[in-house]
Amino acid sequence: MSVSVLFALLFYVATLLFVAGLARKIVQYAKTPAPLKIPTTPAPTTRSGVVLRMAREVVLFESLFKGTKWTWLFGWVFHVSLALVLLRHVRYFQSDVWTVIELVQPFGLYAGFGMAIGLLGLWGRRIFVERIRYITGPSDHLILALLVGIGITGLSMKFVHHTDIVAVKSFFLGLLRFDIQPLPGEPNLLIHLFLVAVLMIIFPISQLLHAPGVFFSPTRNQVENPRERRHVAPWAAELDK
Ligand code: HEM
């Protein structure tokens, strides 16, 4: 079997596991009852206030900022850089690239360094801060290593040994039409893609689930109105009947 076919199969399997696994988890989160009213106070007293609070949490990492400034700094730099890098990658999946994706290209490129710096800071915290090292397990190190590996192999393709990005694009556009095109064989590209597939596969069974999970966190998504409205979880309402 050629490398192109092998990687095509790998990406089909990874995409299936990523999408199905993530959907399953989101349904599970949505169905999990929140029996108690536990918004972290001071909390908004209206629905729109909660939407605003959640937006600040997702975009600015507000509660982390209130907690630890260094973790906030490295965490925020990593996530914003990751978002820019991912936007830059959209060009591999579109034949006619949107203007916004074209505009983001230079930012996405340098964000590759931001990603690496953020990750190294977060990794340093797990190694050097005693109280964090105590709660760090092998999977935390492995996920950081995986992301650093993706970043380094990606940057190496831009700054050390180029790959044929036109061929990479035809390969991925081909996958979308179930038409397998040849993939360039440079080791840094193959390692980059292999690590990305591993990331997609472990995503729905790892701590990376904090991404969808934040939206389901009762301490963040509840309105502070226990005096105005009695809080009854759906299953408790069933018992009342
Ligand atoms: C199937 C998905 C992916 C493909 C096809 C892909 C492909 C590539 C290619 C061809 C480059 C070199 C760009 C150039 O030479 O101009 C690159 C760079 C890079 N990739 Fe990926 N990649 C994928 C997913 C990811 C993911 C999920 C991440 C982050 C978690 C990532 C992080 C990076 C970084 C940081 C760079 C260096 C900066 C840049 O050139 O954009 N890649 N990728």
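Scroll up a little and you will see the structure.
Definitions and limits used
In this convention, every chain numbers its residues from 1, walking through the sequence in written order. The predicted origin of the model limits local features to residues at a pLDDT of at least 70 and limits the giving and counting of side-chain atom pairs to 80 or more, whereas totals for whole chains, interfaces and linings rest on all residues. Side-chain metrics rest on all non-hydrogen atoms present in the structure, leaving aside hydrogens and water. What counts as an axis is a line fitted to C-alpha atoms, over the stretch in contact for a helix, and the angles between N-to-C directions run from 0 to 180 degrees. Put simply, DSSP marks the helices as runs of H or I at least four residues long and the strands as runs of E at least two long, and each gets a number from the N terminus on. By the definition adopted for this analysis, an angle is roughly parallel if under 35 degrees, roughly antiparallel if over 145, roughly perpendicular if from 65 to 115, and oblique otherwise. Each crossing gets its handedness from the near helix: less than a right angle anticlockwise from the far helix is left-handed, clockwise is right-handed. Here, residues are in contact when the closest pair of their heavy atoms is within 4.5 Å. When residues are grouped by polarity, Ala, Val, Leu, Ile, Met, Phe, Trp, Tyr, Cys and Pro land in nonpolar, Asp, Glu, Lys and Arg in charged, and all others, Gly among them, in polar. Any Lys or Arg side-chain nitrogen located within 4 Å of an Asp or Glu carboxyl oxygen qualifies as a salt bridge. Relative accessibility decides the category of a residue: with a 1.4 Å probe and only protein chains considered, values under 20% of the type maximum give buried, values over 50% give exposed, and everything between is partly exposed. Throughout this document, a residue counts as near a molecule or strand when at least one of its heavy atoms sits within 4 Å of that molecule or strand. Polar contact is the term for a pair of N or O atoms within 3.5 Å; when the atoms are in protein, one must be able to donate a hydrogen and the other to accept it, and sequence-neighboring residues count only if both atoms are side-chain atoms. With water excluded from the atoms, a metal site may look incomplete; its donors are any N, O or S atoms within 2.8 Å, or within 3.2 Å for Na, K and Ca. Donor angles set the geometry label: tetrahedral for four donors if every angle is between 85 and 135 degrees, square planar for four and octahedral for six if opposite donors exceed 155 degrees and the others are between 65 and 115, irregular for anything else. Patches were defined on residues exceeding 30% relative accessible area and lacking a salt bridge, with like-charge contacts within 9 Å and nonpolar side-chain contacts (Val, Leu, Ile, Met, Phe, Trp, Tyr) within 5 Å. Only the protein chains shown count as cover for residues, and all accessible areas are computed by the Shrake-Rupley method using a 1.4 Å probe.

(A) View of the packing of helix α5 (residues 99-128) against helix α7 (residues 138-159). Packing of α5 against α7 leaves a shortest axis separation of 10 Å and a crossing angle of 155°. Our classification of the angle between α5 and α7 gives roughly antiparallel. Two packed elements cross with a definite hand, and for α5 against α7 that hand is left-handed. Facing Leu-109, Gly-112, Phe-113, Met-115, Leu-119, Leu-120, Leu-122, Trp-123, Arg-126 and Ile-127 of α5, the residues of α7 in contact are Asp-140, His-141, Leu-144, Ala-145, Leu-147, Val-148, Gly-151, Leu-155, Lys-158 and Phe-159. Residues that form the contact of α5 with α7 fall into these classes: 14 nonpolar, 3 polar and 3 charged.

(B) Broad picture of the pattern of salt bridges. Going through the model one piece at a time under the given rule, you end up with 6 salt bridges. Close ionic contact of Arg-227 with Glu-224 constitutes a salt bridge, the shortest N to O distance being 3.5 Å. Glu-224 sits in the buried class, given a relative accessible area of 18%.

(C) Inspection of the site of the ligand at higher detail. Residues in contact with the ligand amount to 22 residues; listed here are only the nearest, Arg-88, His-89, Tyr-92, Phe-172 and His-192. The contact in question runs from an oxygen atom of the ligand to an N or O atom on the side chain of Arg-91, over 3.3 Å. The separation between a nitrogen atom of the ligand and a polar side-chain atom of His-192 is 2.9 Å. When contributions to the shell around the ligand are tallied by element, the ones reaching two or more residues are α4 (69-89), α5, α7, α8 (165-176) and α9 (187-202).

(D) Representation of the coordination of the iron atom of the ligand. Only His-89 (NE2) and His-192 (NE2) from the protein reach the iron atom of the ligand as donors, at distances of 2.0 Å. Taken together, the 6 donor atoms coordinating the iron atom of the ligand span angles of 87 to 177° at the metal, a pattern that classifies the geometry as octahedral. Remark: His-192 occurs in helix α9 and His-89 occurs in helix α4; sequence separation between them is 103 residues. Using a relative accessible area of 10% as the deciding quantity, one classes His-192 as buried.

(E) Up close: a nonpolar patch on the surface. Taken together, the side chains of Tyr-110, Phe-113, Ile-117, Phe-159 and Val-160 define a hydrophobic patch exposed on the protein surface, amounting to about 550 Å² of accessible area. Counting residues per element, the nonpolar patch draws most heavily on α5, which supplies 3 residues. Position of Phe-159 relative to the elements: it lies in helix α7. The exposure class assigned to Phe-159 is partly exposed, which follows from its relative accessible area of 44%.

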